[in-house]
Amino acid sequence: MSESRFGEFEEAVRRLQPTVAVVLGSGLGAVPHGFAEAAAVEFGDVPGMVAPTVAGHSGTIRVGALNGTPLLVFRGRLHFYEGHAWEQVAKPVELAAGWGIRTLILTNAAGGIHPELNPGDLMVLSDHRFWQRIDSWKETPPPSPYDPELIQTVVANEARRGRKLLAGIYTALTGPCYETPAEIRALQQCGFDAVGMSTAFEALTARRLGMRVLAISSITNKAAGLSDGPLNHEEVLANATRPAERMSEILGDLLGKWPIPE
Ligand code: HPA
């Protein structure tokens, strides 16, 4: 760990004062296209943070500007299925809050359950189910943590570009293995649109800390049993990068008109 590297990075954050942060999930690209970087630090050089262990996830924090708006970028995240405690999973969000971030944009890779979702598509989260604890399916779902204004803005921006962006419900499961076809049928009957292994706890943490939250899934595959053949991590990684350019445009469009009124 290098204290000085972290010190320099924090100095840059204090200078630029970003109020928006984005977490780039599995394979979604190193940085959004057009991002002007001022400083970067590895997760391993941040006191209290550890480096991710999964293929396709490097762990870097960058600060700079996108389309004129200061932005903090987390490339990679820590997952519960890697064996990390929830405090570690939430650490980037806590760090961001400490630096004055008011809006968090989360991205992830997910399997598509909704019939209109195909590999390479994106889905904006209207809500989620945090099904990563024993018996969590028994609880009455609390209100959605996702900001309706930001969702509307992103959907409208995409419509202006002639692209349809589906808004749907994401379920976070523990992993580390993909679901069985029977589990996917059950999730389908619950009315869920996509399935993944991250994001929910980060979104809940961000809300608890008073942030506005937006989340977008990159659909890497049809969920288990909804297409021919079994799933594998290589396919997921290969497809995750497909919408990287579109994701960059979505972020650029959003930040170009920042701040979005509540
Ligand atoms: N299930 C869970 N997580 C995922 C999937 C999936 O099908 N695809 C990408 N992340």
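Refer to the preceding data block for the structure.
These figures come from a predicted structure and were not determined experimentally.

Chemist: How should the overall build of the protein be read in this particular structure?
Modeler: Helices and strands together make up the secondary structure of the protein, namely 7 helices and 9 strands. Taken over the C-alpha trace, the protein has a radius of gyration of 17 Å; the compact-globule value for 262 residues is 18 Å, and the two agree within 12%. The dimensions of the protein, computed from C-alpha atoms along their principal axes, are 50 × 40 × 35 Å. Counting over 262 residues, the protein shows a buried share of 53%. Looking at the protein alone, contacts between residues at least 24 apart form 81% of all its contacts between residues at least 6 apart. Carbon and sulfur atoms make up 53% of the accessible area of the protein, which totals about 11,200 Å².

Chemist: Quick question: what am I supposed to make of the site of the ligand here?
Modeler: With respect to spatial proximity, the complete set of residues near the ligand consists of Ala 109, Ala 110, Gly 111, Tyr 178, Glu 179, Val 195, Gly 196, Met 197, Thr 220, Asn 221, Leu 231 and Val 236. Ala 109 is positioned such that a nitrogen or oxygen atom in its backbone is 3.4 Å from a nitrogen atom of the ligand. For the ligand, whose unbound accessible area comes to 260 Å², protein coverage reaches 96%. Of all the elements, strand S5 (residues 103-112) adds the most residues to the shell around the ligand, at 3 residues. For the shell around the ligand, the class distribution of residues is 7 nonpolar, 4 polar and 1 charged.

Chemist: Mind showing me how you'd approach empty space enclosed by the protein here?
Modeler: In this approach, a probe sized like a water molecule rolls over the atoms, and the result shows the empty space that is left. Here the structure, examined in full by the defined rule, presents 2 cavities of 30 Å³ or more. Each pocket or cavity is described by its volume, and for the second largest cavity that value is around 40 Å³. In this structure, the second largest cavity is lined by Leu 78, His 79, Phe 80, Trp 86, Val 89, Gln 132, Met 197, Ser 198, Thr 199, Phe 201 and Glu 202. Secondary structure elements with two or more residues in the lining of the second largest cavity: helix H2 (86-98) and helix H5 (200-208). Its residues assigned to classes, the lining of the second largest cavity shows 6 nonpolar, 4 polar and 1 charged.

Chemist: Just checking my understanding: could you explain the nonpolar core for this structure?
Modeler: As a rule of thumb, soluble globular proteins bury nonpolar side chains together. Membership of the largest hydrophobic core comes to 66 residues, with the highest contact counts inside it found for Phe 9, Ile 61, Leu 72 and Leu 214. Among the nonpolar cores identified, the runner-up in size contains 10 residues, and Leu 173, Phe 192, Val 195 and Leu 231 belong to it.

Chemist: Any chance you could explain H5 here in plain terms?
Modeler: An α-helical segment advances 3.6 residues per turn. Residues three or four places apart therefore align on the same side. Taken together, the buried positions of H5 are Ala 200, Glu 202, Ala 203, Thr 205 and Ala 206. Buried residues along H5 sit against strand S1 (20-24), H2, S5, strand S6 (122-130), strand S7 (166-172) and strand S9 (212-222). Looking at the residues trailing H5, positive phi occurs at Gly 210, about 85°.

Chemist: Just checking my understanding: could you explain the pattern of salt bridges for this structure?
Modeler: Two side chains bearing opposite charge may form a pair once their charged atoms approach each other closely. Within this structure, the stated rule accounts for 16 salt bridges. One salt bridge in this structure joins Arg 14 and Glu 10, with 3.6 Å as the shortest N-O distance. Taken together, the residues Arg 14 and Glu 10, both in helix H1 (residues 3-16) and 4 residues apart, mark about one turn of the helix. Exposure remark for Arg 14: the relative accessible area of 51% places this residue in the exposed category. The salt bridge involving Arg 77 is made with Glu 202; its shortest N-O contact spans 3.0 Å. Taken together, the residues Arg 77 in the loop between strand S4 (69-75) and H2 and Glu 202 in helix H5 connect sequence positions 125 residues apart. Summarising the burial analysis for this pair, Arg 77 and Glu 202 share the class buried. It is possible to trace a salt-bridge network through shared partners that takes in Glu 158, Arg 161, Arg 163, Arg 246, Glu 249 and Asp 253.

Cut-offs used in this document
- Residues numbered from 1 in each chain as written.
- Predicted model: local features only at pLDDT ≥ 70, side-chain atom pairs only at ≥ 80, totals over all residues.
- Heavy atoms only, no water.
- Helix = DSSP H or I, 4+ residues; strand = E, 2+ residues; numbered from the N terminus.
- Rg over C-alpha atoms; globule rule 2.2 N^0.38 Å.
- Buried < 20%, exposed > 50% of the residue type's maximum accessible area, 1.4 Å probe, protein only.
- Contact = heavy atoms within 4.5 Å.
- Areas by Shrake-Rupley, 256 points an atom, 1.4 Å probe, with all protein chains shown as cover.
- Near = heavy atom within 4 Å.
- Polar contact = N/O pair within 3.5 Å; in protein donor to acceptor, adjacent residues only side chain to side chain.
- Nonpolar A, V, L, I, M, F, W, Y, C, P; charged D, E, K, R; others polar.
- 1 Å grid on protein atoms, 1.4 Å probe; cavity = no way out; pocket = protein on both sides within 12 Å on 5 of 7 lines; lining within 4 Å.
- Points joined across faces, edges and corners; volume = space filled by probe spheres on them.
- Core = buried A, V, L, I, M, F, W, Y, C linked by side-chain atoms within 4.5 Å.
- Salt bridge = Lys/Arg side-chain N within 4 Å of Asp/Glu carboxyl O.

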